Amino acid sequence: MKRARAFTLIEIAVVLFIIALLAGTIAQYLSGQIASAKQQLTQTRETAIKTAIISFVARNYRLPCPAVGTIPAGGVNNGVEATNPGVCTGTVLFPAGTPVVATGTIPWVSLGLPAETSLDGYGNRFTYQVTLAATSNALNAQTLPGLKGNITIHSAGPALPANQINDCPPVSVPPVTYNPCSAVAVVVSHGSNGFGAYMDNGSQVAVPPGADELENVNADTTFVMKSYSGAQANPFDDAVIFMTAGDVLAGLNNSGALQDSRAIVAANFNVIRNAIIGSVTR
């Protein structure tokens, strides 16, 4: 009877190498799947937020104020829009003196959304900025005066007129001439690195090192929307969606809350906006 041959050290080393190689491949695959799932969850929640904002406008004839980002989970008014629409008390206002925008986090309670919808796929709160005039109770149910955006979207930071991607031919509504593609509201996920995001406990992650993501944190009226970049000095993994007045009006028309010629104009602006987004994200 033959005795079984023992494995040599070389054979054992080869087997261990193969196991390690397979484990690494599987781990890399799983990591990629998890990253993809987090991105998809973020996009799904941003879409739900946009739909909820349009529904809020249909009920209240104004956009919601942001929630105050520093209120922790379980705190009083956590997830509730800031008080005094048109003023949005407690949010970050810009510029000083006569502010035009308010910045905070998604007011998920006021929007009628579940709490988890206020968090992106990475567990951080979505940043929400809105044109202050569009939150005012003075907006009329039929005309929605003041529903004009003043938030600009750019392909890089620092934000300059040359890299603005939502710059459409101006429209004159005497006595005002304005850009119809300017955003009236912006929702931002600060991505897997989370730079600048508010966490569920009300604290804020460190500000980003690069100019591109910094534009999405500094609470002025400029934002950057571009493809992913892993550059160490200027990383970018934010997911940005923006809404123009045309988006809101078209959404109201689709829901039956608004039926007039302005909805047709709004839909045309929406086509222009989608073309702009497509050219940037390709």
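The sections below set out a description of the structure shown in this document. (Residues numbered from 1 in each chain as written. Predicted model: local features only at pLDDT ≥ 70, side-chain atom pairs only at ≥ 80, totals over all residues. Heavy atoms only, no water.)

Re the packing of aromatic side chains
- The final tally for this structure, using the stated rule, is zero aromatic pairs.
- K148 extends its terminal NZ or CZ atom over the ring of Y178, reaching a point 5.4 Å from the ring centre. (Phe/Tyr/Trp six-rings, centres within 6.5 Å; stacked < 30°, edge-to-face > 60°. Lys NZ or Arg CZ within 6 Å of the ring centre and 35° of its normal.)

Here we look at the nonpolar core
- Counting residues in each nonpolar core, the largest one holds 31 residues, and the members touching the most others are L63, I106, Y128, L147 and V184.
- At the level of secondary structure, the elements contributing two or more residues to this core comprise α1 (9-60), α2 (108-111), β3 (127-131), β7 (183-189) and α4 (245-254).
- In terms of residues, this core owes the most to one element, α1, which gives six residues.
- Counting 11 residues, the second-largest nonpolar core is a separate cluster that includes I151, I153, V188 and F223. (Core = buried A, V, L, I, M, F, W, Y, C linked by side-chain atoms within 4.5 Å. Buried < 20%, exposed > 50% of the residue type's maximum accessible area, 1.4 Å probe, protein only. Helix = DSSP H or I, 4+ residues; strand = E, 2+ residues; numbered from the N terminus.)

Concerning the state of the cysteines
- Counted under the stated rule, the structure contains two disulfides.
- Two residues share a disulfide in this structure: C65 and C88, whose sulfurs sit 2.1 Å from each other. Across the disulfide from C65 to C88, rotation about the S-S bond amounts to roughly -80°, and the bridge is consequently left-handed. Highlighted residues: C65 in the loop between α1 and β1 (92-94) and C88 in the loop between α1 and β1, separated in sequence by 23 residues. Each member of the pair, C65 as well as C88, is classed as buried.
- Residue C168 pairs covalently with C181 via a disulfide, S to S 1.9 Å. Since a negative S-S torsion denotes a left-handed disulfide, the C168-C181 link at about -75° is left-handed. With a gap of 13 residues between them, C168 in the loop between β4 (152-154) and β5 (171-173) and C181 in the loop between β6 (176-178) and β7 connect regions that are remote in the sequence.
- Along the protein chain, the cysteines engaged in disulfide bonds are linked according to the scheme 1-2, 3-4 when indexed in sequence order. (Disulfide = S-S within 2.5 Å.)

A short note on the pattern of salt bridges
- Taken as a whole and assessed by the stated rule, the structure comprises three salt bridges.
- Between R62 and E81 there is a salt bridge; the shortest N-O distance is 2.8 Å. Residue R62 is found in the loop between α1 and β1, and its partner E81 is found in the loop between α1 and β1; the two are separated by 19 residues along the sequence.
- Judged by relative accessible area, which is 6%, R62 ranks as buried. (Salt bridge = Lys/Arg side-chain N within 4 Å of Asp/Glu carboxyl O.)

Some points on a nonpolar patch on the surface
- Together, I10, V14, F17, I18, L21, L22 and I26 make up a nonpolar patch on the protein surface, roughly 730 Å² of accessible area in all.
- Note that L22 resides in helix α1. (Patch = residues over 30% accessible without salt bridge, like charges linked within 9 Å, V, L, I, M, F, W, Y side chains within 5 Å. Areas by Shrake-Rupley, 256 points an atom, 1.4 Å probe, with all protein chains shown as cover.)

Some thoughts on the pairing of β7
- Buried residues dominate β7, accounting for seven of its seven residues.
- In the sheet, β3 pairs with β7 via four bridges, with the strands oriented antiparallel. Pairing of T127 across the sheet is with V188, part of β7.
- Sheet analysis places β7 next to strand β9 (residues 239-244), joined by six bridges and oriented antiparallel. Bridge assignment links S189 to a residue of β9, and that residue is A239. (Pairing = 2+ DSSP bridges.)

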